[in-house]
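# Descriptive analysis of the structure
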Amino acid sequence: VVLWVLLATVPTRVLVFAGGLGQFGWTLSTKLRRGDPRPKRLAQTPKSERSSNPLNTWLMNAFLGLPSDEDLRRTYFWDTQKVLQQEAATRSTDKRSSRLRNLWQAKWYGTIEI
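This is a predicted model, so every value here is computed, not measured.

In this section: the overall build of the protein chain. Looking only at helices and strands, one finds 5 helices and 0 strands in the protein chain. When the helices and strands of the protein chain are placed in sequence order, the string is α-α-α-α-α. Relative to its full complement of 114 residues, the protein chain shows a buried share of 3%. About 11,100 Å² of surface is accessible on the protein chain, with carbon and sulfur atoms providing 61% of the total.

What follows concerns the pattern of salt bridges. Overall, the coordinates contain 2 salt bridges when judged by the stated rule. Where R73 meets E70, a salt bridge forms, and the shortest distance between an N and an O atom there is 2.8 Å. On the criterion of helical spacing, the pair formed by R73 and E70 is a turn pair, its members being 3 residues apart in helix α4 (residues 69-75). Classification of E70 by relative accessible area gives partly exposed; the value is 34%. Of the charged contacts in the structure, one is a salt bridge between E70 and R74, with a shortest N-O distance of 3.4 Å. With E70 and R74 both in helix α4 and 4 residues apart, this pair spans about one turn of that helix. The class of R74 is exposed, set by a relative accessible area of 53%. Salt bridges sharing partners connect three or more residues here, namely E70, R73 and R74.

Across all of its chains, the model carries 1 aromatic pair by this definition. Plain terms: the ring middles of F77 and W78 are 4.8 Å apart, the flat faces sit at 80° to each other, and that makes the pair edge-to-face. What makes W78 exposed here is its relative accessible area of 65%.

Moving on, we come to a nonpolar patch on the surface. A contiguous nonpolar surface patch, about 470 Å² in accessible area, is contributed by M60, F63, L64 and L66. Considering the arrangement of structural elements, one finds F63 in helix α3 (residues 54-64). Using a relative accessible area of 57% as the deciding quantity, one classes F63 as exposed.

This next bit is on the confidence of the model for the protein chain. Looking at the protein chain as a whole, the pLDDT averages 81, with 84% of positions reaching at least 70. Averaged over each element, pLDDT in the protein chain is lowest for α3 (81) and highest for helix α5 (residues 77-104) (93).

Quick notes on the rules
- Residues numbered from 1 in each chain as written.
- Predicted model: local features only at pLDDT ≥ 70, side-chain atom pairs only at ≥ 80, totals over all residues.
- Heavy atoms only, no water.
- Helix = DSSP H or I, 4+ residues; strand = E, 2+ residues; numbered from the N terminus.
- Buried < 20%, exposed > 50% of the residue type's maximum accessible area, 1.4 Å probe, protein only.
- Areas by Shrake-Rupley, 256 points an atom, 1.4 Å probe, with all protein chains shown as cover.
- Salt bridge = Lys/Arg side-chain N within 4 Å of Asp/Glu carboxyl O.
- Phe/Tyr/Trp six-rings, centres within 6.5 Å; stacked < 30°, edge-to-face > 60°.
- Patch = residues over 30% accessible without salt bridge, like charges linked within 9 Å, V, L, I, M, F, W, Y side chains within 5 Å.
- pLDDT = per-residue confidence, 0-100.

What follows is the structure, encoded as structure tokens:
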């Protein structure tokens, strides 16, 4: 009964978001509690092999994962072209209708089928 009331009152997208956020938070907290083991001789280890703080790595990856303006432009290029073609077709139809209305000054116009 409690599950039914919960599902009836709370939107599903909120429940899915809370589940994912809970799982992410649980994993993050266990990683942070466990700590970051460092090599014993840090000075002798090459810089490329040194382990860094995973939180810094996660934050940097999240920041670098954001799409740039160029990424968005490339992603939506063809959708934009399709919308522009539809708008051009609508404009040309409206322009043609306006010319016909001004030329013939008809009360109505359309196709006649016999």
